[in-house]
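Structural characterization, general
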Amino acid sequence: MGKHIESIGGSLTDSRRKFIEKAGLATIMSTFGVAFFTSCSSTEDADPNNPNNPPSGDQPNGITISGTTVRIDLSVQTRLAASGGWLLIQNARTLVANVNGSYVAMTSVCTHSGCFDSWTFANNRFTCTCHGSVFDPSGRVLQGPAASPLQQYTTQLSGTTLTITR
Ligand code: FES
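Counting restarts for each chain, with residues numbered from 1 along the sequence as it is written. With the structure being a predicted model, the display of local features is reserved for residues of pLDDT at least 70 and the display and counting of side-chain atom pairs for 80 or more, all residues being used for whole-chain, interface and lining totals. Neither water nor hydrogens contribute to the side-chain values; these are computed over all heavy atoms in the structure.

**Regarding the sheet that holds strand β8 (residues 133-135)**
Think of it this way: DSSP has to see at least two bridges between two strands before they count as a pair. Under the DSSP-based scheme used, a helix requires at least four consecutive residues in state H or I and a strand at least two consecutive residues in state E, with every element numbered from the N terminus. If you walk across this open sheet you meet the four strands as β6-β7-β8-β9, and the pairing is antiparallel. Both edges of this open sheet fall to β6 (119-122) and β9 (141-143), since each of them pairs with a single strand only. Neighbour-to-neighbour, the strand axes of the sheet open up by a mean angle of 30°, direction not taken into account. As defined by bridge partners, strand β7 (residues 125-128) adjoins β8 across three bridges and the pair is classed as antiparallel. In the strand pairing of β8, Thr127 is matched with Val134. Here, axes are lines fitted to C-alpha atoms. For helices the fit covers the stretch in contact, and angles between N-to-C directions go from 0 to 180 degrees.

**Notes on the state of the cysteines**
Disulfides are defined in this document as cysteine sulfur pairs within 2.5 Å. What the rule picks out here adds up to one disulfide. Between Cys115 and Cys130 runs a disulfide, and the two sulfur atoms are separated by 1.9 Å. Between Cys115 and Cys130, the S-S torsion sits near -105°, and that sign places the bridge as left-handed. Pair noted here: Cys115 is in the loop between β5 (102-107) and β6 and Cys130 is in the loop between β7 and β8, with a separation of 15 residues, a long-range link. Type-normalised accessible area, obtained with a 1.4 Å probe on protein chains alone, sets the label of each residue: buried when under 20%, exposed when over 50%, and partly exposed for intermediate values. The class for Cys130 is partly exposed, based on a relative accessible area of 28%.

**Digging into the nonpolar core**
Buried together is how nonpolar side chains tend to be arranged in soluble globular proteins. Counting 16 residues, the largest nonpolar core has Trp86, Leu95, Ala97, Trp119, Phe126 and Phe135 as the members making the most contacts within it. Those elements that place two or more of their residues in this core are β3 (86-89), β4 (94-99), β5, β6 and β7. Among the elements that line this core, the one with the most residues is β4, at three residues. Beyond its immediate chain neighbours, meaning those up to four positions away, Leu95 contacts Trp86, Leu87, Leu88, Val104, Ala105, Met106, Thr107, Ser108, Trp119, Phe126 and Leu150. Within this scheme, the nonpolar core is defined by two criteria: the residues are buried Ala, Val, Leu, Ile, Met, Phe, Trp, Tyr or Cys, and they are joined through side-chain atoms within 4.5 Å. Two residues form a contact once any of their heavy atoms are found within 4.5 Å.

What follows is the structure in structure tokens.
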């Protein structure tokens, strides 16, 4: 299963932009993946509570963040359609996955040392690639160095709308 990253907003710092120009886009993409472009400090990330954030509704990826609620239109955002499908919604610091037809959601802020944007999901396991901690779909630690579980969020499916409450 490939790595899927969902990003809303975010920007590059001058230093990072210069680095990318210097190193070459293709090299960076193949080395770091898409997450590199969107993994910024918290000050660079669009804050769901910030009025400068993209307006809720009508987002082409089907994801709407409003306060503590994340809504995903599954008819638009099809990466969750099949079991094993998953998303990292960086602006909401949220992981979502389809596990055998049920949806699970939890924080993407790793309990080890706070990485929030470096995740993979395979065989019903989330792996924080910062230092290799592995979590089950309930957020429980399967492998350290993390010692504490990821905070789970509630999910509710209504029609084709998946609502996550953080
Ligand atoms: S921050 Fe996730 S394993 Fe270290």
